[in-house]
Amino acid sequence: MGLLGWIIFGFFAGLIARAVLPGNQRLGCIGTTLLGVAGAFVGGFLTSVWRGTNWRDPEPTGFGGAILGAIVLLLVSQAAFGGRSSR
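Residues numbered from 1 in each chain as written. Predicted model: local features only at pLDDT ≥ 70, side-chain atom pairs only at ≥ 80, totals over all residues. Heavy atoms only, no water.

Section: the nonpolar core
Going by this rule: Only buried Ala, Val, Leu, Ile, Met, Phe, Trp, Tyr and Cys residues count toward a nonpolar core, and they belong to the same one when joined by side-chain atoms within 4.5 Å. Note on classification: 1.4 Å probe, protein chains only; a residue is buried when its accessible area is under 20% of the maximum for its type, exposed when over 50%, partly exposed between these limits. A contact between two residues is defined here by any heavy atoms of the two lying within 4.5 Å.
Formed by Phe9, Ala13, Ala17, Leu21, Leu35, Ala40, Ala66, Ile67, Ala70, Ile71 and Leu74, the largest nonpolar core amounts to 11 residues. When residues no more than four places from it in sequence are discounted, the contact partners of alanine 13 are Gly36, Phe63, Ala66 and Ile67.

This is the structure:
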């Protein structure tokens, strides 16, 4: 997948993850895209741990895993920062 594909993929995965999780995350378009792309790698890591494969070299996962990973990242950030934003 090329760079433009990752940007589009990340944006939609992050957008769906933000819609699923209640609350105001206060992320812009770039933050939503980065959330989705990072969620793909977190989802890949969680999938490799669950399957018992090589978790030290995670690969990005599909769209569903990216959404799940982005939700996990949002939950961790809300727990760490208490829902606060830097804005």
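Regarding helix α2 (residues 29-51)
Put simply, the rule reads: To qualify as a helix, a DSSP run of H or I must reach at least 4 residues; to qualify as a strand, a run of E must reach at least 2; elements of each kind are numbered from the N terminus. Multiply 1.5 Å by the residue count of a helix minus one, and that product is the helix's expected span.
Here α2 spans 33 Å end to end across 23 residues, near enough to the 33 Å set by a 1.5 Å rise per residue. All buried positions along α2 are accounted for by Thr32, Thr33, Leu35, Gly36, Gly39, Ala40, Gly43, Gly44 and Ser48. In this fold, the buried residues of α2 make contact with α1 (3-20) and α3 (63-81). In the segment just after α2, glycine 52 is the residue with positive phi, at about 80°.

Brief notes about the packing of aromatic side chains
Here is the rule we go by: To pair, rings of Phe, Tyr and Trp, with the six-membered ring standing in for Trp, must have centres within 6.5 Å; the planes then decide the type, stacked if under 30 degrees apart, edge-to-face if over 60, and tilted in the middle.
All chains considered together, the criterion is met by 2 aromatic pairs. Considering the side-chain rings of phenylalanine 9 and phenylalanine 63, the 5.7 Å spacing of their centres and the 70° angle between planes classify their relative orientation as edge-to-face. Residue phenylalanine 9 is located in helix α1, and its partner phenylalanine 63 is located in helix α3; the two are separated by 54 residues in the primary sequence. Here phenylalanine 9 falls in the buried class, since its relative accessible area comes to 14%. Residue class for phenylalanine 63 comes out partly exposed when judged on its relative accessible area of 35%. Consider the rings of phenylalanine 11 and phenylalanine 12, whose centres lie 5.5 Å apart with planes at 70°: the pair is edge-to-face.

Thoughts on the environment of glycine 64
In this structure, glycine 64 sits in helix α3. Residue glycine 64 is classed as partly exposed on the basis of its relative accessible area, which comes to 49%. In the structure, glycine 64 is positioned 24 residues away from alanine 40 in sequence and 8.7 Å away in space, judged by C-alpha atoms.

Side note on the UniProt feature "transmembrane region" (unreviewed entry) in the protein
Note the threshold: UniProt positions are given in the numbering used here, feature names are shortened, and annotations may be inferred rather than shown by experiment.
The feature "transmembrane region" (unreviewed entry), as given by UniProt, occupies residues 6-21, 28-50 and 62-81 in the numbering adopted here. For residues 28-50, helix accounts for 96% and strand for 0%, while the C-alpha atoms at its two ends are 32 Å apart. Note that residues 62-81 is 95% helix and 0% strand, and that its end C-alpha atoms are spaced 28 Å apart.

As for the packing of α1 against α3
Filter applied, for reference: Each axis is a line fitted through C-alpha atoms, taken for helices only over the stretch in contact, and angles between the N-to-C directions span 0 to 180 degrees. Throughout, the term roughly parallel applies to angles under 35 degrees, roughly antiparallel to angles over 145, roughly perpendicular to angles from 65 to 115, and oblique to all others. By convention the crossing between two helices is left-handed if the near helix lies anticlockwise of the far one by an angle smaller than a right angle, and right-handed if it lies clockwise.
Taken N-terminus to C-terminus, the directions of α1 and α3 make an angle of 55°; their axes are 8 Å apart at the nearest point. Judged on the interaxial angle alone, α3 and α1 are oblique. For the pair α1 and α3, the crossing hand works out as right-handed. Note on element contacts: α3 touches α1 through Phe63, Ala66, Ile67, Ala70, Ile71 and Leu74, opposite Phe9, Phe12, Ala13, Ile16, Ala17, Arg18 and Val20.

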